[in-house]
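Secondary and tertiary structure notes
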Amino acid sequence: MIGQAVALQSDVPFPPEVGDFYLPSIVPWGGLDSLWFTKITALVWVSTALILVFFLLAYRKPKMVPGKAQWMAESAYGFVRNNIGVEMLGAERGVRFAPYLATLLLFIVFNNMWSIVPIAQISPNSHIAFPAFLALISYVLFNYAGIKKFGFRKYMRNSLIPPAPWFVLPILIPIEFFSTFLVRPFSLAVRLFANMFAGHMLLLVFTLGGFAMLQANPALAPFSVLSWLMTIALTLLELLVIFLQAYVFTVLTASYIQGAVAEEH
Amino acid sequence: MDIAAGVSGSLAAIGYGLAAIGPGIGVGLIFASYIQSTARQPESSRMTLPFVWIGFAVVEALALFGIAFGFIWATGS
C-alpha cells in the first residue's frame, strides 16, 4: 500500500479503470502471473476465519447472563432470526431458515467491510464471482424449498401462472418466468457487486483525483484537500451501504423463499 | 458526407446519467410514500419497513445495472 501511494505521487493514473480491480498475486514464491492467491482471496479467508473464530469463542461456554462476546453473537443472530426470518417467513419456517440467513448476512457484512478497512481497502464482493455464487446458493435454496413443499409440477404452476384472465396468460407466463427464474438471481448478484464496485470506484476517483489535481497545478491544492475530504465523507456513506446491501440481500432471499412456499399469490 | 456535429468523450457516462433518472425518481417515490404513511400512521412504521427496503433494492437495481453495463460496453462500438 505504501509502495502504491509513493507510485501515485510520481505518476497518477487518473481515470481509474476496471483494471484497477485485478490485483497482483501476493504469493511470495510464485510468479506474478500466478493469480490464484491475491489480496481478494486472502480477505475472503480472513473474513471467514473471523466469523468462525468469533462465533466459536462466543458460544464455547454459553451462560444464562451473556458476556460481551456472547451478547454480540446473540444479538447478531437474534436480529436475523426475529427481524428477518420470523417476520417474513412466519414463526416456524423463519427459525428453520434463520441459520442460512444469518450466515449469509454475516458473510456479506464481513466481506463488504474490507472496502473501508485501511490497508485492505477493497471488498471481495467487488468481484462478480462472490456475489454470483451467493446468489446461486439463494436461487437453489428458494427453488428447493418450493419444490420440496409442492412438488415440481405444482411449484411451477404456482410461480408461473398468476390468477388472471386466460387471454393475458400468453404474455404473463413468459414475463413471470423471466422475472422469477432469470432476473432474480441475476439482479441479486449484480446489486451487491455493483454497489461494492461503484463504492470502490468512487473512493478511487476522489483519492486519485486529489493527487491528479495537485500534480497538474500546485495552485489546485485546496481542491485536492476538498477532494480528500469528500473521500472521508464517502467512506461514511460506504459504511451505510455495507450494512444496507447485506440486509437487502438477506431480506430479498427471505422474500423469495416466502414467495416460493406461499400457498396462493 | 461530412459530419456536422459529433460527441466525443465518454458516451457511457452520458448513458449512465440517463439510466439514473428513472431509478432516482423511483427511489424518491418509495421513500416519500414511506414517510407519508408513517406520518399518517406512526405505529405502522415497523411493519412497512421491510417492504420499503425490498422496493428500494428492486428499483435501485436498474441504476446499478447502468453502472455495470457502462463499464462492460465502454469500449464497444
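These numbers come from a predicted model, not from an experiment. (Residues numbered from 1 in each chain as written. Chains lettered and ligands numbered in written order. Predicted model: local features only at pLDDT ≥ 70, side-chain atom pairs only at ≥ 80, totals over all residues.)

1. Section: the overall build of chain B
In terms of helices and strands, chain B carries three helices and zero strands. Going residue by residue from the N terminus, the α and β elements of chain B occur as α-α-α. For chain B, the C-alpha atoms occupy an extent of roughly 65 × 25 × 15 Å along the three principal directions. Here chain B holds 77 residues, and 9% of them are scored as buried. (Helix = DSSP H or I, 4+ residues; strand = E, 2+ residues; numbered from the N terminus. Buried ≥ 20, exposed ≤ 12 C-beta atoms within 10 Å, placed from the backbone.)

2. Focus: the UniProt feature "transmembrane region" (unreviewed entry) in chain B
Here the UniProt-annotated "transmembrane region" (unreviewed entry) positions come out as residues 12-35 and 47-74 of chain B. Overall, residues 12-35 of chain B shows 96% helix and 0% strand. The separation of its end C-alpha atoms is 34 Å. (UniProt positions renumbered as here; feature names shortened; annotations may be inferred.)

3. Brief notes about the environment of B:Ala61
All names here are of chain B. Following the sequence through the fold, Ala-61 ends up in helix α3 (residues 45-72). Assessed through the 21 C-beta atoms surrounding it within 10 Å, Ala-61 is described here as buried. C-alpha separation for the pair Ala-61 and Gly-9, spaced 52 residues apart in sequence, amounts to 26 Å.

4. Section: the nonpolar core
Residues and elements named next belong to chain A. Ranked by internal contacts, the top residues of the largest apolar core, which has 46 residues, are Leu-101, Leu-105, Phe-249 and Ile-257. It is helix α8 (residues 221-261) that provides the largest number of residues to this core, a total of eleven residues. If we ignore the near neighbours within four places in the chain, the residues touching Ile-257 are Leu-89, Phe-97, Leu-141, Phe-142 and Ala-145. (Core = buried A, V, L, I, M, F, W, Y, C linked by C-beta atoms within 7 Å. Contact = placed C-beta atoms within 7 Å.)

5. With respect to the confidence of the model for chain B
When the pLDDT values of chain B are averaged, the result is 84; 94% of them are 70 or greater. Two numbers describe this predicted complex: its pTM, 0.86, and its ipTM, 0.74. (pLDDT = per-residue confidence, 0-100.)

6. Re unusual backbone geometry
All names here are of chain A. The backbone of Ile-119 shows a phi angle near 75 degrees, a positive value even though the residue is not glycine. Note on placement: Ile-119 falls in the loop between α4 (91-113) and α5 (129-150). Look at Ile-119 and you get exposed, because 8 C-beta atoms sit within 10 Å. Within the chain, Gln-121 stands out as a residue other than glycine whose phi angle is a positive 60 degrees. Relative to the helices and strands, Gln-121 is located in the loop between α4 and α5. A residue is classified by how many C-beta atoms lie within 10 Å of it, and Gln-121, with 17 of them, is partly exposed.

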